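A closer look at the structure
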Amino acid sequence: MTAPETTPATANVRQFTVGEDDDGVRLDRWFKRHLPQVGFATVSRWARTGQIRVDGKRAKPEDRLATGQVLRVPPGGELPKSKAAPKTRELSEEEMATAESMVIVQTPAAIVLNKPPGLATQGGTKTTSHVDGLLDAYMKEGDPRPRLVHRLDKDTSGVLLVARTPGSAAFFSRRFSGRSAKKVYWALVAGVPDVNHGMIEAALAKQPGTGGEKMHVDEENGQPAKTRYRVVDRAGNRAAWVELEPLTGRTHQLRAHMAAIGHPIVGDGKYGGQEAFLTGSVSRKMHLHARRLIIDHPNGQKLDVTADLPDHFAATMVQLGFDVNLSDASPTEGPPPPTREAKKQAARQHAKQVRKSKPTRRGRADANTPPKKKPSGKPGAKPGTPPRGGAKH
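Let us look at the structure shown here. (Residues numbered from 1 in each chain as written. Predicted model: local features only at pLDDT ≥ 70, side-chain atom pairs only at ≥ 80, totals over all residues. Heavy atoms only, no water.)

**What about the overall build of the protein chain?**
For the protein chain, the count of helices and strands is 9 helices and 17 strands. Burial status across the protein chain gives 39% buried among its 393 residues. In the protein chain, 63% of the contacts between residues at least 6 apart in sequence involve partners at least 24 apart. (Helix = DSSP H or I, 4+ residues; strand = E, 2+ residues; numbered from the N terminus. Buried < 20%, exposed > 50% of the residue type's maximum accessible area, 1.4 Å probe, protein only. Contact = heavy atoms within 4.5 Å.)

Written as structure tokens, this is what we have:
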């Protein structure tokens with residue numbers, strides 16, 4: 001957003017140029033970001049009375065803005081004072097080193113990290129060390145604080161995308177919720193699936209009695225969940241190396257799905273019990289890694305990032321004789337599954353078409369009663385009396 005401009009003929013009327021970071025944002029949301037002292041009711045009134053203009057045209061609060069458009073804002077509501085720099089947390093040298101070691105690539109819109117296993121994405125009860133707490137390390141002077149747009153389980157390693165600005169956060173969040181972002185995981189599982197590649201479709205719900213900490217298959221009350229898998233290689237019948245591509249985003253989806261088909265992820269005792277641990281010197285840590293992420297970038301290009309394996313996973317690959325070059329973690333081609341909103345829209349359209357195709361229904365009484373004949377002759381004539389000038393017999 002550029003600084004406001006005024007002209008003598010329109011004193012106190014402000015004009016703003018929409019910046020790249022606000023491309024696609026709703027008008028009311030733009031005010032919340034840049035003129036938070038102007039409430040929604042005021043924005044609605046200004047829009048209703050035509051006092052807000054976008055490129056000289058009237059605009060509604062729900063209209064979306066585009067980069068380069070000029071926004072005219074009427075007098076009212078003081079201009080905000082220059083924003084104070086966001087408060088940052090003082091990080092230790094060790095925390096700064098951890099933050100820097102995770103970076104894979106940085107762009108003006110995003111920071112892509114390789115999250116190590118054992119580090120939570122966000123804080124919680126008794127969780128004081130997490131990625132969100134390290135984001136201050138990536139702040140530049142005068143910039144907003146970076147923010148998370150998706151999550152990985154604490155014991156899952158790999159690609160984690162962080163947005164630099166509110167605008168890029170909204171942009172990336174839409175790609176994740178719309179399922180256009182492609183994510184491919186590598187996992188080692190106990191045993192070998194009978195079918196080398198396929199689709200796991202099993203609805204998931206929170207397992208009762210676990211405080212929401214564990215999911216289980218529940219076809220009646222669960223939410224739909226789909227996972228594509230492909231066996232890359234096998235170590236006899238002991239274990240298999242698989243690619244996993246989640247087509248929905250349920251909690252613990254990959255872990256619950258692999259356990260549901262009888263091949264829990266190695267090291268995942270929560271879902272696989274003792275069967276999830278291989279004998280010998282194989283690490284007891286979980287072997288689930290977000291290997292690759294492909295997602296649209298605000299600059300119009302694709303952001304395609306691959307994360308190296310953590311030490312314990314790489315060591316197990318060597319122990320089992322797996323060659324990392326056998327997989328490039330390519331996602332399956334084809335359109336993403338429809339989102340929940342898309343399904344609702346399709347259902348509404350279908351219902352609308354059905355209503356249009358149905359003939360007009362008559363009432364029950366009307367359906368059983370033949371239509372009345374229009375009486376001829378003068379009103380009030382006695383029944384059975386032929387009308388004057390009627391037909392002769």
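**Some details on the nonpolar core**
Core analysis: the largest hydrophobic core is formed by 31 residues, its most contacted members being L244 and L288. Elements with a contribution of two residues or more to this core: α3 (93–102), β7 (110–115), β9 (157–163), β10 (182–190), β14 (226–235), β15 (239–246), α5 (253–260) and β16 (288–296). (Core = buried A, V, L, I, M, F, W, Y, C linked by side-chain atoms within 4.5 Å.)

**Some remarks on the pairing of strand β17 (residues 302–306)**
On a regular strand, one side chain projects to one face of the sheet and the next to the other, so that they alternate. Alternating positions in β17 separate cleanly, L303 and V305 being buried on one face and K302, D304 and T306 remaining unburied on the opposite face. As defined by bridge partners, β16 adjoins β17 across 5 bridges and the pair is classed as antiparallel. Opposite I294, over in β17, you have D304 as the bridge partner. Joining the antiparallel neighbours β16 and β17 is a turn of 5 residues, in which G300 adopts a positive phi near 95 degrees. (Pairing = 2+ DSSP bridges.)

**Topic: helix α2 (residues 40–48)**
Among the residues of α2, those classed as buried are V43, S44, W46 and A47. The arc that holds the buried residues of α2, viewed along the axis, is 165 degrees, so those residues lie on one side. Turned more than 90 degrees away from the buried face of α2, the exposed residues are A41 and R48. Directly beyond the C-terminal end of α2, a positive phi value near 75 degrees is found at G50. (Arc of directions from axis to C-beta.)

**What to know about unusual backbone geometry**
Non-glycine residue D55 carries a positive phi angle of around 55 degrees. Secondary-structure assignment places D55 in the loop between β3 (53–54) and β4 (57–58). Of note in this structure, H252 is not a glycine but carries a positive phi near 55 degrees. When you line up the elements, H252 lands in the loop between β15 and α5.

**Quick look at the environment of G321**
Relative to the helices and strands, G321 resides in the loop between α7 (311–319) and α8 (340–357). Judged by its relative accessible area of 54%, G321 is exposed. Separated by 87 residues in the primary sequence, G321 and R234 have C-alpha atoms spaced 8.9 Å apart.

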